[in-house]
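Secondary and tertiary structure notes
Each chain, written out:
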Amino acid sequence: MKHLPLLMYTTFCGLYSMQTEAADKKGERPNILWLTFEDTSAYEFGCYGNKGVHTPNADSLAARGIQFMNAWSVAPQSSAARSSLITGCYSSTYGMDIHPVPYDTPADIFFPQRLREAGYYCTNNSKTHYNSTTDNKSCWDECNNKASYNSPKRRKDQPFFAVFNTVTSHMGRIRTFHTDGRRDYTQEGIYPALLSLPSYVPDLPEVRSDYAGHLEAVQDVDTWLGFFMKDLKEKGLDENTIIFFFSDHGGCIPRGKGYLYESGLRVPLIVYFPPKWQHLANNATGKEYSLVNFTDLGPTVLSLSDIKPPKHMQGRALYGKFASREKRTMQFALAANQLHHFMPVRAVTDGHFKYIRSYIPYRQFALRNYYQWGMPSNKAWDKLVLGGHNTNPDWKQTFEAHPAEMLFDLEKDPDELHDLSTSPEYVETLFKMRQALSEHIRTTGDLGFFLPDSRTGHILYEKVHKEKYPLDELYTLVETAGTATVTSLPMLEEALSSPLPEIRFWGVVGYAKLAREKQIKTAPQTLLKLLQDDNPYIASEAAYAVAYMDKAQEGIARLVTPVQEKDRKIADEVPKELIPVESIEFDHVWFSYENNDVYALQDFTLHIKAGDFTGIVGPSGSGKSTLLSLLMGIYKPTKGSIYINGIDISKYDSSVLRHLMGYVFQQAYLFKGSIKDNLTLFDNSICHDEMVKAAKQVNLDAMIEQLPEGYNTPVGYLGSLLSDGQKQLLAFGRTLIRNTPILLLDEATANI
């Protein structure tokens, strides 16, 4: 079958005026300024209808420029989105879709280099975050936190393409684990109690606080925009500079960032053309409702600069000499993972209907990851739903498995709560959207279904094309796996024996889907054999599938037992050189959660001797918890080193380090069971006297003795039968039982 064009279009009036302009006669070219910010949905700005926030600069720019009402990021996470921006292609085409992991990519795919070759001075201040091992700074004349169009290195009258990014609206701003000590947002004109919350999130104090905190950040972004508008005017550059103002993706309350709903994809995008250059936009102003996405912005910048976009670019120029005369009728987006959870999802919309395709549908969207679950609103939502207190089915949706296909009417259901995929009335619409997406992944050469460990050691894009990888076979299998029926078993069983790891993996996904739905009960030998597959993604997925069949014990055993004993993650003993612990040292430690220029810690140095009691003090979000995570080996420093007894801890697996440390969290996590179970963590080697001693040390013993069942008293789900203070004391006690040489307290008395 002949594939459709790379993107689907209908006839559209030309955007580029063919009239001869004075600027063209002089050979002048405009300056172009990209102002980008982070984790912000379109609905968070005043000009997009939010009455609870004050954004006068953005509102003014929108009134004088072009305000896009249906602009999508290509992905709901930074690196995958920015990889599309810098290439003008869907990040999945080059295997750049996994956030935030760089892989080898083809040369010469970053478009600013073409601007430089055409005489533009290109600066970036300073975030790159492109998922490529190619030097992210190589396409820029300057790329650092001082890079600017005001650079003395830019020649007089040399046109510029300048990018500035602010992190002020990044999720890290509200990733504080709790709301204690937050500012009074009413002082900034934001009233949490009066805000209109999206209907998909519960109305909880933590949700309102996070939303208000992020709207405060949006107001700061607006102030930041004002700085540039003023500077351009003062420098005499305002009449010659086209401004693009947009967020990298949506956010920032739960079910925003990381999700392929409109809350994660639809971004504010405003483009301002000064009068001198309005002919490049066919003198357009006001609200623009056509479908645009991040693949269009690179080609548009080239076109405005009088450079023809190269054929490999998958987006289309919106304005300028090479503006496309066609209008997009289908808009596409992608997601690859929730941190460590590999779970490809794709989306498509025609502006009216929205289709989301989950290729591993038995994985819920609300898969926990350490970063996003630092938002108090996410933790409160967890407690509401998982604690059994929720009464609104809409608020439970992201915690449940979902169908492989979901269809929403965005005009009637903008919050995407009512799935129409099983409604007979929408059969034709569902088929149309399904086919559009199926064609899209084929025409763009989507590499997002390759396992993460298949992308290393080579340039996947070149390898696939050079070796003529059976992509269509892979795509057909992927589409079948998530919607498999028993009639699919011959295809799935054949896939299990493939020499290609991706084929085996997606064959296993099909079996897991059928097993979970109880359509099959007996595990075939070919599937059992994959429990010992060398590829951990395949082995763990096979174990999941088998656990739902007649070999449940084998599946569970495989999850906890490595193929080779040397691969076991649980250390049996601590190396002698680390005992006793004489010193801990942080040596010029820098750390970024997303491996970019946004640092949670910067150049941190500290030396602690045995016997010291050291307190780390700072406001919420300053990196206190991050320090402890680094010391425990959960994360590795971006720069610098951490030493115990003078030995770099990167030498050891994190399980070794955790034998040395006891950790009491800000929030106590209890298991379903008794007080005894939670004090001993089900370790029968701990005797009763040791348990009582620890309880007495934290003044918990008297309270326990008054309970009818004493230490055998059930704590309830997540400790629901105890107060927050009692839960924290219990967590303190179980840590002391272990008698570790290092005790880490992360606001451990917050509820006491």
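Read on for an overview of the structure.

Cut-offs and rules
Residues numbered from 1 in each chain as written. Predicted model: local features only at pLDDT ≥ 70, side-chain atom pairs only at ≥ 80, totals over all residues. Heavy atoms only, no water. Buried < 20%, exposed > 50% of the residue type's maximum accessible area, 1.4 Å probe, protein only. Helix = DSSP H or I, 4+ residues; strand = E, 2+ residues; numbered from the N terminus. Pairing = 2+ DSSP bridges. Core = buried A, V, L, I, M, F, W, Y, C linked by side-chain atoms within 4.5 Å. Contact = heavy atoms within 4.5 Å. Axes fitted to C-alpha atoms, helices over the stretch in contact; angles between N-to-C directions. Phe/Tyr/Trp six-rings, centres within 6.5 Å; stacked < 30°, edge-to-face > 60°. Lys NZ or Arg CZ within 6 Å of the ring centre and 35° of its normal.

1. Considering the pairing of strand 5 (residues 121-125)
- Counting buried positions along strand 5 yields five of five residues, so the element is predominantly enclosed.
- The alternating pattern of strand 5 places Tyr121, Thr123 and Asn125 on one face and Cys122 and Asn124 on the opposite face, and all of these are buried.
- Sheet topology note: the strand 5/strand 7 (residues 160-165) ladder contains five bridges and is parallel. In the strand pairing of strand 7, Cys122 is matched with Phe161.
- In this sheet, strand 6 (residues 142-143) lies alongside strand 5 in parallel orientation, the contact comprising two bridges. Bridge assignment links Asn124 to a residue of strand 6, and that residue is Cys143.

2. Comments concerning the nonpolar core
- By size, the foremost hydrophobic cluster in this structure holds 103 residues, and its most contacted members are Trp34, Phe161, Phe273, Trp506 and Leu527.
- It is helix 13 (residues 501-516) that contributes the most residues to this core, nine residues altogether.
- Every residue in contact with Trp506, bar those within four places of it in the chain, is listed here: Phe342, Pro344, Tyr359, Ile360, Phe449, Leu474, Leu477, Val478, Ala481 and Leu492.
- Counting residues in each nonpolar core, the second largest holds 63 residues, with Val221, Leu232, Ile253 and Trp395 among its members.

3. Quick word on the sheet that holds strand 14 (residues 341-349)
- Strand order in the open sheet formed by four strands is 13-14-15-16, with antiparallel pairing between adjacent strands. Strands at the two margins of the open sheet, each flanked by one partner only, are strand 13 (331-338) and strand 16 (405-409). Neighbour-to-neighbour, the strand axes of the sheet open up by a mean angle of 15 degrees, direction not taken into account.

4. Some thoughts on the packing of aromatic side chains
- Applying the stated criterion to the full structure yields 36 aromatic pairs.
- Centre to centre, the rings of Phe449 and Tyr475 are 6.1 Å apart; their planes meet at 75 degrees, and the pair counts as edge-to-face. Of this pair, Phe449 sits in the loop between helix 9 (427-443) and helix 10 (460-466) while Tyr475 is found in helix 11 (residues 471-481), placing the two residues 26 residues apart along the sequence.
- Judged by relative accessible area, which is 0%, Phe449 ranks as buried.
- Residues Trp590 and Tyr599 carry aromatic rings whose centres are separated by 5.0 Å and whose planes lie at 75 degrees to one another, so their mutual orientation is edge-to-face.
- Each member of the aromatic cluster is reached from another via a ring pair, and the members are Trp34, Phe111, Trp140, Phe161, Phe244, Phe246 and Phe294.
- Geometry around Tyr371 places Arg175 over its ring, the cationic atom sitting 4.5 Å from the centre.
- In this structure, Arg455 is placed above the aromatic ring of Tyr103, and the distance from its NZ or CZ to the ring centre is 5.8 Å.

Nothing here speaks to function; it is geometry throughout.
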